Protein chains: 2
Amino acid sequence: MTTVRVVGTGLLGTSIGMALSAKGFRVQLHDTSPTSVALARDLGAGEVGDDPADVVVVATPPDVAASVVAQQLRDQPDAVVTDVASVKQTVLEELREAVGGDALARYVGSHPMAGRERSGAVAARADLFEGRTWVLCPHETTADRARASIDEIARAAGASVVTMPAAEHDLAVAAVSHLPQVAASLVAARLRDLPDDAVGLAGPGVRDVTRIAASDPLLWTQILAGNAANLLPVLDAVADDLDRVRSAVRAICEGENAATGARGVLAQTIADGQTGHARLPGKHGAPPTAYASVIVVLPDRPRQLAQLFADVGDAGINLEDLRIEHAVGAQVGLAELMVLPAALEPLQEALTAAGWRLHS
Amino acid sequence: MTTVRVVGTGLLGTSIGMALSAKGFRVQLHDTSPTSVALARDLGAGEVGDDPADVVVVATPPDVAASVVAQQLRDQPDAVVTDVASVKQTVLEELREAVGGDALARYVGSHPMAGRERSGAVAARADLFEGRTWVLCPHETTADRARASIDEIARAAGASVVTMPAAEHDLAVAAVSHLPQVAASLVAARLRDLPDDAVGLAGPGVRDVTRIAASDPLLWTQILAGNAANLLPVLDAVADDLDRVRSAVRAICEGENAATGARGVLAQTIADGQTGHARLPGKHGAPPTAYASVIVVLPDRPRQLAQLFADVGDAGINLEDLRIEHAVGAQVGLAELMVLPAALEPLQEALTAAGWRLHS
């Protein structure tokens, strides 16, 4: 049985402990706070103990990750050690200064892309990593067995593993994680001074944009500071785009003569956002393919969905994605079925033959 | 029976028609596109007809709302007329120029705070307004019966009504609707040039922030341009905040000496966002009903969805809504099934008995 030492029983550490304990790993929990360890243990994340570890998972705040990894490499001379901090280059660079080559070979940085705005062990879940991506960032001297060990841990937790160099990881998360955090916080900050009536008009749009604004300031300061070099150019690019939008809006305020081209700037801004949004992965991380879609009218009778999928299956057609617009209390719902373009006509024919009403 | 004439059968018009038809109103549908009218009728939004209306709901794009309202006030000399455009002042000002006092008294601008990034009748739902806010913006000469009529329509659609002057409305939506749209689009635009591997790291955070980036450029250009005067100061304030963040990040890049206070700026930015986010109204302001949800692990084998819905149907349980989450490169997906709270335990028991793996 593999012994996994989890150092740091916050959201990630506790969730990792819960996931691995459920899979038969022997997990031993550590944290500077005894209360935190006790809570994690009570949540089923593992036990209190100090046996030699096969694998060490350092799940501390990012600022101290490198020094804790270094200490664990020293204290556990046979163990493979990983950290799960959101930024990888700074941790790696600190470690290069702090430990020798043999120890460094037993280290592989990683980052499970999971967890949202809630923090702490109380928010921990055994299925936090289910279906999520866990990034592995081996450096040039990482031992094969180190990579293999953490790969195994990540998969045991239910994640799918992606490998990339630390530098590439940090560049990626600057745009897909850190910028969105900054944006959410800046938008949410504008809500502070609004009258109650105004805030009362908030709909799902602003809620979606500001959901992660509930994040922890101290944790995120460490993350943003730790990735400053990659974050700065992204923020500068957004500032440039924002300036263009402001100029256009200002021109429209000044009246039609000044506003030539201003509406075009606004339209291009939204269109560019559409293009970028369309790059987000579809099913199982496949590159976003242009799917064809069929919209099926779903009478609000029992088992309609089951019948629909049975008919799709009988036609031998694979669904790439699906959306249901379910109208509570209405006569119909709409199911949007997405398939590869080649499957569109066969699907339409099969569903029509089975008596379904379709809309293009 | 009250006859409601809906002019413009896009997302809002069709949804209004569906909601009011279900409540026993007689709805007659109009649109410049006969195909659009036919689709809306097929979806249960009303009938084709041209009888004198008691109430006219103008649900056209914002740019033409005022002229269509003016025409309807002329063509329907006894009707109360409202428009549902996202900006109210410009529509009102145009109307003041276009119609006389008696007609103007029969007009009251309004705005249902509903709908998301999808547009068109295909996305229409009868319950789109359920639990949402519908803002009424009577001007100083609006007749009492006009206000009362639209109040009744809004409540019939399931919305709660809030009354405020047009100017106050436009100020509010600049911060709670228009800024979030701009922010989502700017963040999403950064995804355009990323390598596929980088985009593959996208998690729920960036998806939430960029969800409304899928919005329609032409519609949103009209909305943003129509509210330019209120939007500009909000964008300027965000640009100032962003500049502060950039300076802090730049200082951190330059090294510790330059970075005094920089981390404090970052922490304050996230904290201000937390404060603003906390102002958003609670559960009753969010999804229409508090649904309970069950997350089901979907192995990527054929017919799993069909089997799942068959099992749900066999248990006699009605699904209120459903979301499918796609894992990057994983062999599983996750289906989130939403049901009324009373159905939660029966659903969990039924699915467990049928062999499904569930997550809380």
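Model, not experiment: these values are computed from the prediction.

**Quick notes on the domain arrangement of chain A**
Now for step 1: Per the domain assignment, the segments making up chain A are domain 1 (3-164), domain 2 (172-277) and domain 3 (292-359).
Now for step 2: Centre-to-centre, using C-alpha coordinates, domain 1 of chain A lies 43 Å away from domain 3 of chain A.

**Focus on empty space enclosed by the protein**
Now for step 1: Scanning all chains against the criterion turns up four cavities of 30 Å³ or more.
Now for step 2: The calculated volume of the largest cavity comes to roughly 160 Å³.
Now for step 3: Around the largest cavity, the lining comprises 16 residues; the ones closest to its centre are Ala183(A), Leu186(A), Val238(A), Ala183(B) and Val238(B).
Now for step 4: For the lining of the largest cavity, the per-class residue count stands at 16 nonpolar, no polar and no charged.

**Section: the side chain of Arg190(B)**
Now for step 1: Within the secondary structure, Arg190(B) is located in the loop between α7 (166-189) and α8 (196-199).
Now for step 2: The buried category is assigned to Arg190(B), whose relative accessible area is 18%.
Now for step 3: One polar contact links Arg190(B) to Asp241(A), side chain to side chain, over a distance of 2.9 Å.
Now for step 4: Excluding residues within four positions of it along the chain, Arg190(B) makes contact with Leu179(A), Val234(A), Ala237(A), Val238(A) and Asp241(A).

**Remarks on the packing of helix α3 (residues 62-75) of chain A against helix α4 (residues 89-98) of chain A**
All names here are of chain A.
Now for step 1: The N-to-C vectors of α3 and α4 enclose an angle of 40°; their axes lie 9 Å apart at closest approach. Relative to α4, α3 is oriented oblique. In this structure, the crossing between α3 and α4 has a hand that is right-handed. Here Asp 63, Ala 65, Ala 66, Ser 67, Val 69, Ala 70 and Leu 73 of α3 come into contact with α4, specifically with Val 91, Glu 94, Leu 95 and Ala 98.

**Side note on the side chain of His169(B)**
Now for step 1: Here His169(B) is to be found in helix α7.
Now for step 2: Among the residues examined, His169(B) registers a relative accessible area of 0% and is labelled buried.
Now for step 3: Excluding residues within four positions of it along the chain, His169(B) makes contact with Leu201(A), Ser86(B), Val87(B), Lys88(B), His111(B), Val135(B), Cys137(B) and Met164(B).

**Re the interface of chain B and chain A**
Now for step 1: Between chain B and chain A, the contact holds 128 residues from the first and 120 residues from the second.
Now for step 2: Interface area, chain B with chain A, both sides summed: about 11400 Å², of which 67% is carbon and sulfur.
Now for step 3: A per-residue breakdown of the area chain B buries against chain A is headed by Leu201(B), Ile270(B) and Arg279(B), which together make up 7% of the total.
Now for step 4: At the boundary of chain B and chain A, one finds 13 salt bridges.
Now for step 5: The salt bridge partner of Asp272(B) is Arg192(A), with a shortest N-O separation of 3.5 Å.
Now for step 6: In this assembly, chain B and chain A are joined by 27 residue pairs in polar contact (both at pLDDT 80 or more).
Now for step 7: In terms of residue count, helix α11 (residues 228-254) of chain B provides more of the side of chain B that touches chain A than any other element does, 18 residues in total.

The rules behind each value
- Residues numbered from 1 in each chain as written.
- Chains lettered and ligands numbered in written order.
- Predicted model: local features only at pLDDT ≥ 70, side-chain atom pairs only at ≥ 80, totals over all residues.
- Heavy atoms only, no water.
- Domains from an automatic or database assignment.
- 1 Å grid on protein atoms, 1.4 Å probe; cavity = no way out; pocket = protein on both sides within 12 Å on 5 of 7 lines; lining within 4 Å.
- Points joined across faces, edges and corners; volume = space filled by probe spheres on them.
- Nonpolar A, V, L, I, M, F, W, Y, C, P; charged D, E, K, R; others polar.
- Helix = DSSP H or I, 4+ residues; strand = E, 2+ residues; numbered from the N terminus.
- Buried < 20%, exposed > 50% of the residue type's maximum accessible area, 1.4 Å probe, protein only.
- Polar contact = N/O pair within 3.5 Å; in protein donor to acceptor, adjacent residues only side chain to side chain.
- Contact = heavy atoms within 4.5 Å.
- Axes fitted to C-alpha atoms, helices over the stretch in contact; angles between N-to-C directions.
- Parallel < 35°, antiparallel > 145°, perpendicular 65-115°, else oblique.
- Left-handed = near helix turned anticlockwise from the far one by under 90°.
- Buried area = accessible area lost by both parts, 1.4 Å probe.
- Salt bridge = Lys/Arg side-chain N within 4 Å of Asp/Glu carboxyl O.

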